[in-house]
Amino acid sequence: MVAKWKILIIVILFGTFNPLNASHVRWYFDFEKAHQEALKQNKCLMVLLLQKDCPACKEVLATTFMNQPYINAINKKFISVVIIKDQTSSYPIEMLYTVTYPTLFFLDNSELFCCKTLEGNITPQRFKNHLKLCK
C-alpha cells in the first residue's frame with residue numbers, strides 16, 4: 001500500500017499525464033502498457049529501474065528528468081517507463097536485471113537492447129552524453 005502511495009505522489013509531482021507541460025519526461029508505470037504504446041508509436045523504450053528508499057533514485061528523477069533541454073527529444077524518441085524494484089506488476093526481470101540503482105535500459109519496440117545500459121550516478125550531463133551515443 002505504501003508503494004502505491006509513493007507512485008501516486010510521483011505521478012502528481014511530475015504531472016505525468018499532462019501533455020502540455022514538456023519540461024518533464026512522460027513516464028509510464030506499467031511495462032506492458034508502455035511496450036504496447038512503443039509498438040503503436042514505433043518508438044524505443046527507456047526503462048528506469050529504481051529502488052525504494054534510494055536517495056540517488058530520487059535525485060535522478062528530480063534533476064536528470066526535469067527541466068532539461070533534452071526532455072522534448074526524449075519524449076519524441078522514447079516511451080519511458082519507471083519500474084520500482086520488487087513491484088507487483090510484471091516486467092522482463094531477467095532481461096532488465098541489475099544490482100545498481102538507478103539504472104536505465106534502452107530497448108527497441110521488439111524489446112532488444114538498442115543502446116548500452118546506463119547505471120549509477122545518472123547526472124544530466126552524463127545522460128546527455130550517453131544519449132549522443134544512442135543514435
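Here the structure is shown first, and the text comes after it.
Residues numbered from 1 in each chain as written. Predicted model: local features only at pLDDT ≥ 70, side-chain atom pairs only at ≥ 80, totals over all residues. Heavy atoms only, no water.

Colleague: Hey, could you run me through helix 3 (residues 55–63) in this one?
Modeller: Side chains that are three or four residues apart share a direction in an α-helix, a result of its 3.6 residues per turn. For helix 3, the full list of buried residues reads Cys 57, Val 60 and Leu 61. End-on, the buried residues of helix 3 take up no more than an arc of 95 degrees, which puts them together on one face. Looking at helix 3, the residues exposed on the side facing more than 90 degrees away from the buried face are Pro 55 and Lys 58. (Buried < 20%, exposed > 50% of the residue type's maximum accessible area, 1.4 Å probe, protein only. Helix = DSSP H or I, 4+ residues; strand = E, 2+ residues; numbered from the N terminus. Arc of directions from axis to C-beta.)

Colleague: In this structure, what is going on with the nonpolar core? I would like to understand it.
Modeller: Nonpolar side chains tend toward joint burial in soluble globular proteins. Met 46, Val 47, Phe 65, Ile 74 and Phe 127 are the most contacted members of the largest nonpolar core, which has 40 residues in total. Secondary structure elements with two or more residues in this core: helix 2 (31–41), strand 2 (44–50), helix 3, helix 4 (71–77), strand 3 (78–84), strand 4 (103–107), strand 5 (113–119) and helix 5 (124–133). Top element by residues in this core is strand 2. It accounts for seven residues. Residues contacting Phe 65, with those up to four places away along its chain left out, are Ser 23, His 24, Val 25, Trp 27, Met 46, Leu 48, Val 60, Ile 71, Ile 74, Leu 104 and Phe 127. (Core = buried A, V, L, I, M, F, W, Y, C linked by side-chain atoms within 4.5 Å. Contact = heavy atoms within 4.5 Å.)

Colleague: Sorry, what's going on with the state of the cysteines here?
Modeller: Two cysteines form a disulfide when their sulfur atoms are joined by a covalent bond. Evaluated as defined, the whole model comprises two disulfides. There is a disulfide in this structure between Cys 54 and Cys 57, and the S-S distance comes to 2.4 Å. When the S-S torsion is 75 degrees, as for the bridge of Cys 54 with Cys 57, the disulfide is right-handed. Accessibility expressed as a relative area gives 8% for Cys 54, which makes it buried. You can call Cys 57 buried: its relative accessible area is 3%. One disulfide bridge connects Cys 115 with Cys 134, the sulfur atoms lying 1.6 Å from each other. Here the disulfide of Cys 115 and Cys 134 is left-handed, its torsion about the S-S bond being about -45 degrees. Taken together, the residues Cys 115 in strand 5 and Cys 134 in the segment after helix 5 connect sequence positions 19 residues apart. One exposure class covers both Cys 115 and Cys 134, and it is buried. Described in terms of the sequence order of its bonded cysteines, the disulfide pattern of the protein chain is 1-2, 3-4. Take Cys 44: it sits in no disulfide, and the sulfur closest to it among the cysteines is that of Cys 114, at 3.9 Å. (Disulfide = S-S within 2.5 Å.)

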